[in-house]
Amino acid sequence: MLKAVILIGGPQKGTRFRPLSFEVPKPLFPVAGVPMIQHHIEACAQVPGMQEILLIGFYQPDEALTQFLEAAQQEFNLPVRYLQEFAPLGTGGGLYHFRDQILAGAPEAFFVLNADVCSDFPLSAMLEAHRRQRHPFLLLGTTANRTQSLNYGCIVENPQTHEVLHYVEKPSTFISDIINCGIYLFSPEALKPLRDVFQRNQQDGQLEESPGSWPGAGTIRLEQDVFSALAGQGQIYVHLTDGIWSQIKSAGSALYASRLYLGRYQITHPERLARHTPGGPRIRGNVYIHPTAKVAPSAVLGPNVSIGKGVTIGEGVRLRESIVLHGATLQEHTCVLHSIVGWGSTVGRWARVEGTPNDPNPNDPRARMDSESLFKDGKLLPAITILGCRVRIPAEVLILNSIVLPHKELSRSFTNQIIL
Ligand SMILES: Nc1nc2c(ncn2[C@@H]2O[C@H](COP(=O)(O)OP(=O)(O)O[C@H]3O[C@H](CO)[C@@H](O)[C@H](O)[C@@H]3O)[C@@H](O)[C@H]2O)c(=O)[nH]1
């Protein structure tokens, strides 16, 4: 019997995802037409013997989360439960705090998945590797180029045995081009080292001048407190993958992840991809259209477009490399490229909304998506255009490389600006 835990974080996390995370918790943001963590749940549900999926985070459970959990339970016919941390406990603290729930029913092992990653989740291959040796910790690893590796957990392995000999979280100089994907398979013994960290933190906390100060004893950083500490002791192993993988930290990386998942739908969910039908819109490449969206037949969509529930797309619209969220309207002849159009927003006739993609260098096979800051030297870097929720763009204007905060009613064109 197996279980899975998805670490969903909480409201203080996902700051690079604003303004989109104002409306919906980041783990529920739609990527390729479905909530970000639905991809995780689908992958877990396909592993034979999966008994239960637990989401651990510090969000207050709201309507969106409750509805999502109910729908997921029904669709996958599995218990999918939310366990709320009383405070942010770090990537390992929640696993220790809810250990009884995780170990209930005596699972043979449990997967732990970061919510903000996009992957083809090679969970069955990880399980096979785990069953051969039954080490407490198995990490999924992939490669990144030298510069970008510094933004991740870096792993030095023994190439013969795949034992993790050395682990450094976001090092300041180059350590290894093998990076931690934030996807793990732990055996029940993995909770023992977490207990040791917890007890040590508690003792250290009592010695401190102001006991009870933050971070509390419950906070455990899986990466630094466990992986770095136990590397080289025969307990942590890495399973390498060259499948799709990307982090989802910023809106730009959500658009990139959407492209990766839409491409994968060719194999996993061909029914989710729009097909050209007589009298329907022209479809180029991979496009997702929610069944309730109304799309005019003269619109041209794709590649990499995903259109949400109740969206209206007018005649002559051109839409590519974009996400249009629930209830938005693109009036006749608008052109929307490399952008995210927020919930309930309206783009007026003949308006052009355009961003600049920040995709990984296609000539470097190890390049990953950069989710760096929005600014450099005090200037807004050109990036995808984001319209927050219920924004109104008038007819015949240009909105280029800009971020428009929710509920703004614009009256003219804007370029390279954050419109507050
Ligand atoms: N429940 C809970 N979840 C948390 C908490 N803090 C973070 N998380 C969740 O844990 C995951 C990791 O979040 P970060 O702490 O932001 O780390 P990171 O910068 O994404 O780096 C991690 O992921 C990389 C791969 O994407 C790894 O390369 C890196 O080593 C590390 O594990 C995210 O899904 C986040 O929502 C917490 O206090 N509680």
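The structure displayed is predicted, hence computed values, not measured ones. (Residues numbered from 1 in each chain as written. Predicted model: local features only at pLDDT ≥ 70, side-chain atom pairs only at ≥ 80, totals over all residues. Heavy atoms only, no water.)

(A) Here's a closer look at the pairing of strand β9 (residues 153-157). Along β9, four of the five residues are buried, which leaves the element largely enclosed by surrounding structure. With five bridges joining them, β9 and strand β10 (residues 164-169) adopt antiparallel strand pairing. Counted as the bridge partner of C154 is V168 from β10. Summarising the sheet, β9 and strand β11 (residues 178-186) pair through two bridges and their orientation is antiparallel. (Buried < 20%, exposed > 50% of the residue type's maximum accessible area, 1.4 Å probe, protein only. Helix = DSSP H or I, 4+ residues; strand = E, 2+ residues; numbered from the N terminus. Pairing = 2+ DSSP bridges.)

(B) Region of interest: the pattern of salt bridges. Going through the model one piece at a time under the given rule, you end up with 14 salt bridges. The salt bridge involving E108 is made with R131; its shortest N-O contact spans 2.7 Å. Taken as a pair, E108 in the loop between α4 (99-103) and β6 (109-114) and R131 in helix α5 (residues 123-133) lie far apart in primary sequence, 23 residues in all. Salt-bridge contacts for D116 lead to K249; the nearest nitrogen and oxygen are separated by 2.6 Å. Placement of D116 in the loop between β6 and β7 (117-119) and of K249 in the loop between β13 (245-247) and α9 (251-268) is noted, with a sequence separation of 133 residues between them. When salt bridges that share partners are traced, they join K3, E52 and R81 into one network. (Salt bridge = Lys/Arg side-chain N within 4 Å of Asp/Glu carboxyl O.)

(C) Inspection of the sheet that holds strand β20 (residues 318-320) at higher detail. Pairing within the open sheet is parallel, and its seven strands lie in the order β14-β17-β20-β23-β26-β31-β33. At either margin of the open sheet sits one strand with a lone partner, and together these are β14 (282-283) and β33 (414-415). Judged from the three bridges that link them, β20 and strand β23 (residues 335-337) form a sheet pairing that is parallel. Bridging from a neighbouring strand, L319 pairs with V336 of β23.

(D) Fine view of empty space enclosed by the protein. Across all of its chains, the model carries one cavity of 30 Å³ or more by this definition. In this structure, the largest cavity spans a volume of roughly 70 Å³. By residue class, the composition of the lining of the largest cavity is five nonpolar, four polar and three charged. (1 Å grid on protein atoms, 1.4 Å probe; cavity = no way out; pocket = protein on both sides within 12 Å on 5 of 7 lines; lining within 4 Å. Points joined across faces, edges and corners; volume = space filled by probe spheres on them. Nonpolar A, V, L, I, M, F, W, Y, C, P; charged D, E, K, R; others polar.)

(E) How the structure looks around the domain arrangement of the chain. Domains assigned within the chain are domain 1 (2-247) and domain 2 (275-415). If you average the C-alpha positions of domain 1 and of domain 2, the two centres end up 32 Å apart. Taken residue by residue, the interface counts 20 residues in domain 1 and 21 residues in domain 2. Taken over both partners, the interface formed by domain 1 and domain 2 buries close to 1,800 Å², and the fraction arising from carbon and sulfur atoms is 56%. For the interface between domain 1 and domain 2, the tally reads one salt bridge. A salt bridge links D177 to R366; the nearest nitrogen and oxygen atoms lie 2.0 Å apart. Our count for the domain 1 to domain 2 interface comes out at seven residue pairs in polar contact (both at pLDDT 80 or more). For the side of domain 1 that touches domain 2, the secondary-structure elements that each account for two or more residues are β8 (137-143) and β13. (Domains from an automatic or database assignment. Contact = heavy atoms within 4.5 Å. Buried area = accessible area lost by both parts, 1.4 Å probe. Polar contact = N/O pair within 3.5 Å; in protein donor to acceptor, adjacent residues only side chain to side chain.)

(F) View of unusual backbone geometry. Backbone torsion omega between G302 and P303 reads 0°, so that peptide bond is classified as cis. The phi dihedral of H333 is positive, around 60°, even though this residue is not glycine. Topologically, H333 is positioned in the loop between β22 (329-330) and β23. Even without being glycine, H407 reaches a positive phi, approximately 65°. Assignment of secondary structure puts H407 in the loop between β32 (403-404) and β33.

(G) Looking closely at the packing of aromatic side chains. Overall, the coordinates contain ten aromatic pairs when judged by the stated rule. Measuring from centroid to centroid gives 6.1 Å for F137 and F227, while their planes differ by 80°, and the two rings are edge-to-face. Within this pair, whereas F137 is found in strand β8, its partner F227 is found in helix α8 (residues 222-230), the two being separated by 90 residues in sequence. The residues F137 and F227 share a single accessibility class, namely buried. Look at Y184 and F186: their rings are 5.5 Å apart centre to centre, the planes differ by 20°, and that puts the pair in the stacked class. The residues Y184 and F186 share a single accessibility class, namely buried. The structure contains a cluster of three or more aromatic residues connected by ring pairs, namely F110, F137, Y167, Y184, F186 and F227. Positioned over the ring face of Y96 is R99, at 4.0 Å from the centre of the ring. For R146, the ring lying beneath its charged end belongs to F174, and the centroid distance is 3.9 Å. (Phe/Tyr/Trp six-rings, centres within 6.5 Å; stacked < 30°, edge-to-face > 60°. Lys NZ or Arg CZ within 6 Å of the ring centre and 35° of its normal.)

(H) Structural context of the site of the ligand. Within the structure, the ligand sits among 28 residues, and E85, G90, N180, E223 and K249 are positioned closest to it. At 3.0 Å from an oxygen atom of the ligand is found a side-chain nitrogen or oxygen belonging to N114. Contacts to the ligand include G153, whose backbone N or O atom sits 3.1 Å from an oxygen atom. Here the ligand, which alone exposes 740 Å², has 91% of that area covered by the protein. Elements with a contribution of two residues or more to the shell around the ligand: β1 (2-9), β4 (50-57), α3 (90-97), β10, β11 and β13. Counted by class, the shell around the ligand contains 13 nonpolar, eight polar and seven charged residues. (Near = heavy atom within 4 Å. Areas by Shrake-Rupley, 256 points an atom, 1.4 Å probe, with all protein chains shown as cover.)

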